[in-house]
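# Topology and contacts: notes
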Amino acid sequence: MNLSEDLSIISLVLNASLLVKLVMALLIGISFMSWYWIFRKSFAIRGARSRTDKFELEFWSGGDLNALFQSAANDRHNAGGMERIFEAGYREFVKLRGRQNIDTATAVDGARRAMRATYQREVDELESHLAFLASTGSVSPYIGLFGTVWGIMNAFRGLSNVGQATLAQVAPGIAEALVATAIGLFAAIPAVVAYNRFAHDIDRISIRWESFMEEFSNILQRQGPGKAQ
Amino acid sequence: MREHALKRPEPGKWQSAVLAAGMHLLLGLFLFYSVRWQTSKPAAVQVELISSMPTVAAPVRPPPPEPVVEKRPEPVVEPPPPPPPAKPDIAFKEPPKPKPVPKVEPKPEPKPEPRPKPEPKPVEKQPDVKPAPPDTRREIEAQDRMLKEAMTRESAEQAQREASREADLIAQAAAEGARRSAANAWGDKISARIRGNIVLPPGASGNPEALVAIALLPDGSVVGEPRMKRSTGNPALDDAILRAIVKSSPLPKPDDPSVFVRNLDLVFRPLGQ
C-alpha cells in the first residue's frame with residue numbers, strides 16, 4: 001500500500017526529480033537571501049529612525065549650530081541621514097557665505113542643493129535591495145509553480161505506464177511537486193510583506209528629512225545677513 | 001562625500017545572516033514535524049482471518065484417493081474416453097466451493113452397487129452444481145451409460161486393465177487431491193476477501209451462487225472487469241459482487257504458486273459459507 005509509505009518532508013524532497021530538486025534549491029537560496037535582507041533592512045531602518053529622532057531632539061533643543069556641525073563632522077561614521085543632510089547644507093552655506101559677491105539667497109540656494117544631493121544619496125542607501133525583496137515576492141511563486149508543474153507532469157507520465165490507475169500511484173509524486181510551491185510561497189509571502197512595510201517606513205523617514213531641509217533653509221536664511229562677515 | 005557614503009558601517013550584517021538561518025531552521029523543523037504527524041494518522045489496519053478456512057478444506061484430501069475407482073464412471077457422463085483430464089477442469093472451476101466434500105462422500109456408498117437406480121440419486125446433486133441446464137436428460141443418459149459401463153467393466157479384461165490404471169490413478173489423484181485442496185484453500189481465501197468488501201443489496205436472501213470469470217495478474221490484481229458467467233438471478237446482487245471483486249483487487253495469492261490461474265472461474269456464494 002503506497003499510502004503507508006513514509007511521506008515525511010525529507011523523503012518527499014529526496015524522491016523528487018532532478019529539476020524539481022534544482023528548483024527547490026534555488027528557492028531556498030532566494031528565500032535565505034530575502035530573509036537576510038529583511039533583517040538587515042529592518043535593522044538599518046530602525047537605526048535611521050532612532051538617529052533621526054535623536055538628531056531632531058538635539059537640533060530643536062536650541063543648541064549652537066556650529067557645535068552641532070562639529071560633532072556631526074567628527075562622528076561621520078555613526079551619523080544618521082538627517083545629521084549628514086545638516087552637515088552638508090551647513091558646510092556649503094558657510095563656504096558660500098565667506099565669498100565676497102554672494103548674497104544670502106544664493107548661499108541658501110547652494111546649501112539647499114547640497115542638502116538635496118545628500119538627501120537623495122541617503123534615501124537611495126536606505127532603499128537599496130528593496131527591489132530584490134519586490135522581485136522575490138513576485139517571482140518565487142512562479143518558480144515554485146514551475147517546479148510543481150514539472151513534478152506533476154512526471155507523476156502523470158509514470159501513471160500512464162500503469163494499467164490500473166489509482167490515486168495512491170499519483171499522490172506521492174504530486175505531494176513531492178507541491179513542496180516546490182510551498183517553498184516558493186514561503187519565500188514570497190514574507191518578502192512582499194516586508195517590502196510593503198519597508199517602503200512605507202522609508203517614505204515616512206524621507207518626508208521627515210525633506211521637511212527638515214525646508215525648516216533648516218529658513219533658519220539659514222534668517223541668520224544669513226547678520227553673520228555674513 | 002561619496003567616499004564617506006561608501007564607508008558607512010553596515011549594521012547587523014552577521015546578525016541578519018544568523019537570524020535568516022535560524023528562520024529557515026525553524027521552518028524546516030516545523031515542516032518536518034507537521035508533515036510527519038499527518039502521515040501517522042492514515043495507518044489503518046485491515047485484518048483478514050483466513051487461517052480457519054484451510055481446516056474446512058482439509059477433510060477434502062483423504063476422500064479423493066479412495067473414490068478414484070468410483071470416479072471413472074462419473075466423468076463418463078460428459079466426455080467418455082478420458083476420465084482423469086475431466087477432473088482438473090472441474091477442480092479449477094470449483095475451487096471455492098466446499099461442496100466437493102459432500103460430492104465425494106456419496107460416491108463411496110453407491111460403489112459396491114450392481115444396482116444403477118440408487119446411484120443416480122446422490123449423483124444428481126453434483127450435476128446440479130456444475131453442468132447446469134440440461135439436468136434431467138443428462139441424468140437419464142448418465143444413468144444408462146453408467147449401467148452399461150458397470151456391466152462391461154465387470155468383464156475380466158477390463159478388470160485387469162483397471163488394476164494397472166488404478167495404481168496410476170491413485171498416484172495421480174493423490175497429487176490431484178493435494179492440488180485441489182490448495183486450489184480450494186485459495187478459492188476460500190478469495191471468497192473471504194470478496195465477502196469482506198461486498199455491500200449486499202437489500203432483500204438478498206437464500207444461498208444464491210454466482211459463477212464469475214476473473215482475469216488475474218500474477219500478483220493477484222484484477223485485470224479489466226470481472227464477468228458474470230452465471231448470474232445469481234438477482235441483478236443488484238450480481239452488480240454488488242462485481243463491484244466487490246474490483247474493490248478487493250489485488251486478490252490474495254495462493255499459498256502454492258502452481259495453483260495460480262490467470263483466468264479464474266470463481267464460484268461465489270455471497271450469503272453463505
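Residues numbered from 1 in each chain as written. Chains lettered and ligands numbered in written order. Predicted model: local features only at pLDDT ≥ 70, side-chain atom pairs only at ≥ 80, totals over all residues.

### Considerations on the overall build of chain B
How we decide: Every helix listed is a DSSP run of H or I at least four residues long, and every strand listed is a run of E at least two residues long, numbered separately from the N terminus. Exposed residues have 12 or fewer other C-beta atoms within 10 Å of their own C-beta, buried residues have 20 or more, and residues in between are partly exposed; the C-beta atoms are placed from the backbone. Here, residue contact means that the backbone-derived C-beta atoms of the two residues sit within 7 Å.
Helices and strands together make up the secondary structure of chain B, namely 10 helices and three strands. Every one of the 273 residues in chain B was classed for burial, and the buried ones make up 22%. Relative to all contacts within chain B whose residues are 6 or more apart in sequence, the contacts with residues 24 or more apart total 76%.

### Regarding the overall build of chain A
Helix and strand counts for chain A stand at seven helices and zero strands. Of the contacts made within chain A by residues no fewer than 6 positions apart, 82% connect residues no fewer than 24 positions apart.

### A closer look at unusual backbone geometry
That bond from Ser 249 of chain B to Pro 250 of chain B is cis: its omega, 0 degrees, falls within 30 degrees of zero. Turning to its location among the elements, Pro 250 of chain B is positioned in the loop between helix H10 (235–248) and strand S3 (263–268). Here His 129 of chain A, not a glycine, exhibits a phi torsion of approximately 70 degrees, which is positive. One can find His 129 of chain A in the loop between helix H5 (104–127) and helix H6 (130–160). For His 129 of chain A, a count of 17 C-beta atoms within 10 Å translates into the label partly exposed.

### Focus on the sheet that holds S3 of chain B
All names here are of chain B. Selection rule: Paired strands are those between which DSSP finds at least two bridges. Axes here mean lines fitted to C-alpha atoms, for a helix over just the part in contact, with angles spanning 0 to 180 degrees between N-to-C directions.
The sheet built from three strands is open, its strands ordered S2-S1-S3 with antiparallel pairing. Of all the strands in the sheet, just strand S2 (222–230) and S3 have a single pairing partner and so form its edges. Averaged over all pairs of adjacent strands, the angle between their axes in this sheet comes to 25 degrees, without regard to strand direction. Both strand S1 (residues 210–216) and S3 contribute to a ladder of six bridges, which runs antiparallel. Opposite Ile 214, over in S3, you have Leu 264 as the bridge partner.

### Comments concerning the packing of helix H2 (residues 18–60) of chain A against helix H4 (residues 81–98) of chain A
Residue and element names in this part refer to chain A. Let me state the cut-off plainly: To sort the angles, those under 35 degrees are grouped as roughly parallel, those over 145 as roughly antiparallel, those from 65 to 115 as roughly perpendicular, and the leftovers as oblique. Classes in brief: Ala, Val, Leu, Ile, Met, Phe, Trp, Tyr, Cys and Pro nonpolar; Asp, Glu, Lys and Arg charged; the others, Gly included, polar.
Axis separation between H2 and H4 bottoms out at 7 Å; the angle between their running directions is 50 degrees. By the criterion of interaxial angle, the relationship of H2 to H4 is oblique. Residue-level inspection shows Ala 48, Arg 51, Thr 52, Phe 55 and Glu 56 of H2 in contact with H4, the latter providing Gly 81, Met 82 and Glu 83. Here the contact of H2 with H4 is composed, by residue class, of three nonpolar, two polar and three charged.

### Structural notes on the environment of Ile 241 of chain B
Residue and element names in this part refer to chain B. Looking at where Ile 241 falls in the secondary structure, it is placed in helix H10. C-alpha of Ile 241 to C-alpha of Phe 268: the two residues are 27 residues apart in sequence and 8.6 Å apart in space. Excluding residues that lie within four positions of it along the chain, Ile 241 makes contacts with Ile 198, Ala 210, Val 212, Phe 268 and Pro 270.

### Overview of the pairing of S2 of chain B
All names here are of chain B. As judged from the five bridges shared by S1 and S2, these two strands associate in the antiparallel manner. Within the sheet, the bridge partner assigned to Ala 215 lies in S2 and is Val 223. Following S1, the chain reverses through five residues before pairing antiparallel with S2; Gly 220 in that reversal takes a positive phi of roughly 95 degrees.

### Points about H10 of chain B
All names here are of chain B. To keep it simple, the criterion reads: Multiplying one less than the number of residues by 1.5 Å gives the expected span of a helix. Within this analysis, the arc is defined by the directions that extend from the helix axis to the C-beta atoms.
Compared with an ideal rise of 1.5 Å per residue, which puts 14 residues at 20 Å, H10 spans 20 Å between its outermost C-alpha atoms and is within 8% of the ideal. Of the positions making up H10, those classed as buried are Leu 237, Ile 241, Ala 244, Ile 245 and Ser 248. Down the axis, H10 shows its buried residues gathered within 100 degrees of arc, on one side only. The exposed residues of H10 that point more than 90 degrees off its buried face are Pro 235 and Asp 239.

### A look at the environment of Tyr 36 of chain A
Looking at the secondary structure, you find Tyr 36 of chain A in helix H2. Apart from residues lying up to four places away in sequence, Tyr 36 of chain A is in contact with Ser 16, Ala 17 and Ala 20 of chain B.

### What about the packing of H4 of chain A against H5 of chain A?
All names here are of chain A. As a reminder of what qualifies: Note: crossing handedness is left-handed where the near helix turns anticlockwise from the far helix by less than a right angle, and right-handed where it turns clockwise.
The geometry of H4 relative to H5 is characterised by a closest axis approach of 8 Å and an angle of 155 degrees between their N-to-C directions. Relative to H5, the element H4 lies roughly antiparallel. Crossing handedness for the pair H4 and H5: right-handed. Between H4 and H5, the contacting residues are Gly 81, Arg 84, Ile 85, Ala 88, Gly 89, Glu 92, Phe 93, Leu 96 and Arg 97 on the first element and Thr 106, Ala 107, Val 108, Gly 110, Ala 111, Ala 114, Met 115, Thr 118, Tyr 119 and Glu 122 on the second.

### Quick word on H2 of chain A
The periodicity of an α-helix, 3.6 residues per turn, causes residues three or four positions apart to be oriented the same way. Taking 1.5 Å per residue as the helical rise, H2 of chain A with its 43 residues ought to reach 63 Å, and the 62 Å between its terminal C-alpha atoms agrees with that figure. Immediately downstream of H2 of chain A, the backbone of Gly 62 of chain A shows phi near 85 degrees, a positive value.

### A word on the confidence of the model for chain B
All names here are of chain B. What counts, and what does not: Known as pLDDT, the predictor's confidence for each residue is given on a scale from 0 to 100.
Of all residues in chain B, 57% attain a pLDDT of 70 or more, and the chain-wide mean is 69. Of all helices and strands in chain B, the one with the weakest mean pLDDT is helix H6 (residues 100–104) (46), whereas S1 scores best (87). Below pLDDT 50 for its whole length, residues 55–60 participates in 11 contacts with residues either more than four positions away or in separate chains. Taken together, the stretch residues 122–132 has pLDDT below 50 and engages in 14 contacts with residues farther than four places along the chain or on a different chain. Taken together, the chains of this predicted complex give a pTM of 0.52 and an interface ipTM of 0.75.

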